[in-house]
Amino acid sequence: MPGKADATRQRLLDAALEEFAEYGIAGARVDRVAALAGTNKAQIYHYFGSKDQLFDAVFNRIVEGIVRETPIDAHDLPGYAAALARGYEAHPQVMRLATWQRLERADDPPVPLAVQSMTHKAEAIAKAQAEGVLPADFPPGVLLSLVLHLASVWTAVSPESAALVDSTTPDERARYVEDAVRRLISGGPGATEGRA
């Protein structure tokens, strides 16, 4: 059973996720995080050191959660992409946080945990390609990037584009992602035409 300190730290992380997702890193306010967590802002500095370090802790927790809850299955990339799409729709703050990270920290060194996760996924795809499970039309990192972007497509569309798919359900949108990835890896004739 977690102790009081662990519970306070968890409440701060939960509150910070909402705050950073809504306002970004620069716009987030530690006093709002503390109020939402039911504590005082001194606890943020005690547990995390600074607002930036709090963001790092939240971002790492998000990466850990996605890796744990949606592990890559290189033998079923369409199903993997659909599971990611469902998760992103159920927890929209995840992609909002990732967007803020790209916007406000583009010049920072890559997050080690995220690099490790992406490397593991690319290696799984490379292994599946070597086994003949996946076509080798795309290098592993390129294929992974395409799959991840397809999985997040509904979180990144403009309001005008979103209006065009408003009548679809989250499950239908996940199935569209699944079908798009299935077609991507079908390796049909002409799949590599026009690429140097």
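Structure's up top.
Cut-offs applied
- Residues numbered from 1 in each chain as written.
- Predicted model: local features only at pLDDT ≥ 70, side-chain atom pairs only at ≥ 80, totals over all residues.
- Heavy atoms only, no water.
- Helix = DSSP H or I, 4+ residues; strand = E, 2+ residues; numbered from the N terminus.
- Buried < 20%, exposed > 50% of the residue type's maximum accessible area, 1.4 Å probe, protein only.
- Contact = heavy atoms within 4.5 Å.
- Lys, Arg positive; Asp, Glu negative; His and termini not counted.
- Charge placed at Lys NZ, Arg CZ, Asp CG, Glu CD.
- Polar contact = N/O pair within 3.5 Å; in protein donor to acceptor, adjacent residues only side chain to side chain.
- Salt bridge = Lys/Arg side-chain N within 4 Å of Asp/Glu carboxyl O.
- Phe/Tyr/Trp six-rings, centres within 6.5 Å; stacked < 30°, edge-to-face > 60°.

Asks: Would you mind going over the overall build of the chain in detail, with residue names and values included?
Replies: Scanning the chain for helices and strands turns up 11 helices and zero strands. Tracing the chain from N to C terminus, the helices and strands come up as α-α-α-α-α-α-α-α-α-α-α. Seen through its principal axes, the chain has C-alpha atoms that stretch 60 × 40 × 35 Å. Residue burial in the chain is summarised as follows: out of 196 residues, 34% are buried. In the chain, 69% of the contacts between residues at least 6 apart in sequence involve partners at least 24 apart. Taking the average location of the 20 positive side-chain charges in the chain and that of its 26 negative ones, the two points are 5 Å from each other.

Asks: Quick one: what's the story with the side chain of E19, residue by residue and with numbers?
Replies: With respect to the secondary-structure elements, E19 resides in helix 1 (residues 4-27). When its relative accessible area of 7% is taken as the criterion, E19 is described as buried. Within the structure, E19 has its side chain in polar contact with the backbone nitrogen of R29 (distance 2.9 Å).

Asks: Outline the pattern of salt bridges, supporting the account with residue identities and numerical values.
Replies: In the structure shown here, the tally under the stated rule is 11 salt bridges. Of the charged contacts, one joins D108 and R105 as a salt bridge, the two residues approaching to 3.4 Å between their closest N and O atoms. According to the relative accessible area criterion, R105 is buried, its value standing at 13%. E178 is paired through a salt bridge with R182; the nearest N and O atoms lie 3.3 Å apart.

Asks: Any chance you could break down the packing of aromatic side chains for me, citing the residues and the numbers?
Replies: Across all of its chains, the model carries three aromatic pairs by this definition. Plain terms: the ring middles of F20 and F55 are 5.1 Å apart, the flat faces sit at 90° to each other, and that makes the pair edge-to-face. Here the residue F20 occupies a position in helix 1, and F55 occupies one in helix 4 (residues 51-69), the gap between them amounting to 35 residues. This pair shows no difference in class: F20 is buried, exactly as F55 is. Each ring, one from Y47 and one from F48, has its centre 6.4 Å from the other, and the planes form 55°; the classification is tilted. On the accessibility criterion, Y47 (23% relative accessible area) is partly exposed. Classification of F48 by relative accessible area gives buried; the value is 7%. In textbook terms, an aromatic cluster arises when at least three aromatic residues are bridged by ring pairs, as seen for F20, F55 and F59.

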